[in-house]
Amino acid sequence: MIEDSTNQEIEVQSAKGQAIVALLCCSPGMKRSRKWLKDILWSDRNHEQASASLRQILSQLRICFAGYEDVLHADRYCVWLDLAR
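What counts as what
- Residues numbered from 1 in each chain as written.
- Predicted model: local features only at pLDDT ≥ 70, side-chain atom pairs only at ≥ 80, totals over all residues.
- Heavy atoms only, no water.
- Pairing = 2+ DSSP bridges.
- Helix = DSSP H or I, 4+ residues; strand = E, 2+ residues; numbered from the N terminus.
- Phe/Tyr/Trp six-rings, centres within 6.5 Å; stacked < 30°, edge-to-face > 60°.
- Lys NZ or Arg CZ within 6 Å of the ring centre and 35° of its normal.
- Axes fitted to C-alpha atoms, helices over the stretch in contact; angles between N-to-C directions.
- Parallel < 35°, antiparallel > 145°, perpendicular 65-115°, else oblique.
- Contact = heavy atoms within 4.5 Å.
- Nonpolar A, V, L, I, M, F, W, Y, C, P; charged D, E, K, R; others polar.

(A) Layout of the pairing of strand 5 (residues 78-81). The pairing of strand 3 (residues 31-33) with strand 5 spans 3 bridges and is antiparallel. If you follow Lys31 over to strand 5, its bridge partner there is Trp80. Across 3 bridges, the pairing between strand 4 (residues 72-74) and strand 5 is antiparallel. Bridge pairing in strand 5 links His73 to Trp80.

Written out as structure tokens, the structure is:
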């Protein structure tokens, strides 16, 4: 379960979204490469499909974290959670 600073639950409904948050929380610096996430979560798909699936889940996570936009970050190479948040 993810809670904000007021102990309100932030609901992440998709299993892959929950997995990404959990994997990032357990990772050094709460950061992982996009390639690593794709290899773990979409190993059965080709590169293009895995990339599209990751983009889709990241978009869904941004909606879940509405009001907390500075928590989830992504660039061309990595996805990470802001440790200060």
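(B) Inspection of the packing of aromatic side chains at higher detail. As enumerated under the stated definition, the model contains 0 aromatic pairs in all. For the cation-ring pair, Arg32 lies above Trp36, with the distance from its terminal atom to the ring centre recorded as 3.9 Å.

(C) Geometry of the packing of helix 1 (residues 15-25) against helix 3 (residues 47-64). Axis separation between helix 1 and helix 3 bottoms out at 10 Å; the angle between their running directions is 85°. The pairing of helix 1 with helix 3 is recorded here as roughly perpendicular in orientation. Each of Lys16, Gly17, Ile20 and Val21 in helix 1 lies in contact with helix 3, whose residues at this interface are Leu54, Ile57 and Leu61. Class assignment for the residues of the contact of helix 1 with helix 3 results in 5 nonpolar, 1 polar and 1 charged.

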